[in-house]
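Fold and geometry: a report
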Amino acid sequence: MRRALLAVGLLAVFVGLWAWVASWDSVDDLTLASPGQTVDAFADDRSLLLDNAWVTLYEVLLGLAVSVVAGVAAALAMHLSRTLRDAAYPLLVASQAVPIVVLAPIFVLAFDYGIGPKLAIVALICFFPITVNVLDGLRSVDPEQLKLMRSFGASRLRTLRSVEIPSALPSFFSGLKVAATVSVIGAVFGEWAGADRGLGRLVLMDNNQLLTARAYAGIVLLTLMAVALFALAGLAERLACPWNRPPRERTA
Amino acid sequence: MQTASTSLGTQVQVRGVTRRYGSVAALEDVSLTVGAGQVLAVVGPSGCGKSTLLELLAGLQEPDAGTVTVDAPGERRDHCAYMPQRDLLLPWRDAVGNAALALECQGVPRAGARDRARPLFERFGLAEFEQARPAELSGGMRQRVAFMRTLLPGRPVLLLDEPFGALDAITRGSMQRWLAGALDAEPRTVILVTHDVEEALLLSDRVAVLSPRPGRVVAELEVPMPRAERTVSDPSLLELRERAMEVLR
């Protein structure tokens, strides 16, 4: 509660500073729209902004889903096969060195104008945090625990199911939280490289047409989207891993 | 200890076993015999290879020289129930689920394994804690859940690695009395590794003393009196304790 209040307080300070700077005579409305103008822009063009926001949200969610499936599958495969891990891990790290911004237009060339390139970019940048975190989680199981499972005569699959996967769940959610925040950035890059719809494209166009207030409204929406996805991933984590919270006060 | 097997246990033999890690010898030419239904305590300073000995018996490692035999058909791992020093309960499973884990690993379906674990809770003094998660249990309670997990598959040989080492003195005392009673009620072949000479004398029929690394058996002491009648202040127990400490020094 206290933390939430502090965060809201800091946000208020920021908005206040923003409003103050925007009110200077030397600052043009076209260069810097005020918070009030941003809210007005949102009210005026609500349906346009929301329609485009849904398009972007759709790209983000689909891309996240693809990266979760692919990332978890890749992590499991690398966990089970040492050869595959040794071969693929350096490449996985190297894939993160490729600048996504320049990949976007190439994806548009390859996958055409539709949702394909946006999906590919979102999935590409979300894949890494998920794969790496899940792999770390699977591998960080206490060796004593694995020894105990062997003494029980447990099969490889049983150990994976009963011990390794459950203990990797919190790491999976850490990866998902990182992925959720960067996924929106991916969708925006995808739209910048070529799109006829979407919030990223709208912000870019508004910027070019000096519709500064509406561009700000779009940016605020994109930010809210990423924050909401992060919060949802955190909520899912609390529901899926109740043991990972500090234990309840014992009433003994 | 209500379990599938009520046999007296199985004889275990260790003959001339040596185990090295690289150039460091953990155990050297160790020979021990534990009769069916007997309790052998293994004491020794830290790093003398006590845990290595248990892992060799459990089939988790193989000796570099010598043989380890469990007098029963098939692999020795299938006859030995290994209990490590830490309880290693899975935090996402409730107490019943943790107790049932070893059974599940042998292919018993989850619901059936839980049904077999549940009746033990009363006897282990854990009634009404069936649904509790490990984080909600005290150290002694967690150790009892680990005991249930070890005992449920009904394997005839118990390999206990300092089972009470992580407990406070009071809990340890009551757990020792509980185990002594349980072993009198239903004997098993037990190899109990401990660094506590008193614990060894209270619980075992025979105490093997290991030397510092590399571990060798330097003394074997018989504990003649019945388990139920032993107390720490018993003069003959104190004398045995003196002898064991002498060898350890």
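What comes next is a walk through the structure. Bear in mind that the values here come from a model prediction, so they are computed numbers and not experimental data.

**Some thoughts on the overall build of chain A**
Assigned secondary structure in chain A consists of 10 helices and zero strands. Helices and strands in chain A line up, N terminus first, as α-α-α-α-α-α-α-α-α-α. Along the first, second and third principal axes, the C-alpha set of chain A runs to 75 × 60 × 30 Å. Evaluated residue by residue, chain A yields a buried proportion of 36% over its 252 residues. A fraction of 76% describes how many contacts in chain A between residues 6 or more apart in sequence connect residues 24 or more apart.

**Quick look at the sheet that holds strand S7 (residues 189-194) of chain B**
Residue and element names in this part refer to chain B. Taken together, the six strands give an open sheet; going across it, the order is S5-S6-S7-S3-S8-S9, and neighbouring strands pair in mixed fashion. The open sheet has two edge strands, strand S5 (80-83) and strand S9 (217-222), and neither has a second partner. For this sheet, the mean inter-axis angle between neighbouring strands, taken without regard to orientation, is 15 degrees. Note that strand S3 (residues 39-43) and strand S8 (residues 206-210) share four bridges and pair parallel. Paired with Val 42 across the bridge in S8 is Ala 208. Across the sheet, helix H1 (residues 50-57) is in contact with S3, S5, strand S6 (157-161), S7 and S8; its angle to S7 comes to roughly 155 degrees.

**Let's talk about the pairing of S9(B)**
Residue and element names in this part refer to chain B. Inspection of the sheet shows S8 paired to S9 by five bridges, in the antiparallel sense. Considered in S9, the bridge of Val 207 is made with Leu 221. Count of turn residues in the S8/S9 antiparallel hairpin: six residues.

**Considerations on unusual backbone geometry**
Residues and elements named next belong to chain B. Following Arg 213, the chain continues to Pro 214 via a peptide bond in cis, the omega torsion being -5 degrees. Relative to the assigned elements, Pro 214 resides in the loop between S8 and S9. With a phi angle near 50 degrees, Asp 29 is a residue other than glycine that sits in the positive phi range. One non-glycine residue with positive phi stands out, namely Glu 162, at about 40 degrees. Here Glu 162 is to be found in the loop between S6 and helix H7 (169-185). By the C-beta count within 10 Å, which is 20 here, Glu 162 ends up buried.

Cut-offs and rules
- Residues numbered from 1 in each chain as written.
- Chains lettered and ligands numbered in written order.
- Predicted model: local features only at pLDDT ≥ 70, side-chain atom pairs only at ≥ 80, totals over all residues.
- Helix = DSSP H or I, 4+ residues; strand = E, 2+ residues; numbered from the N terminus.
- Buried ≥ 20, exposed ≤ 12 C-beta atoms within 10 Å, placed from the backbone.
- Contact = placed C-beta atoms within 7 Å.
- Pairing = 2+ DSSP bridges.
- Axes fitted to C-alpha atoms, helices over the stretch in contact; angles between N-to-C directions.

Everything listed here is a matter of geometry and, on its own, says nothing about what the molecule does.
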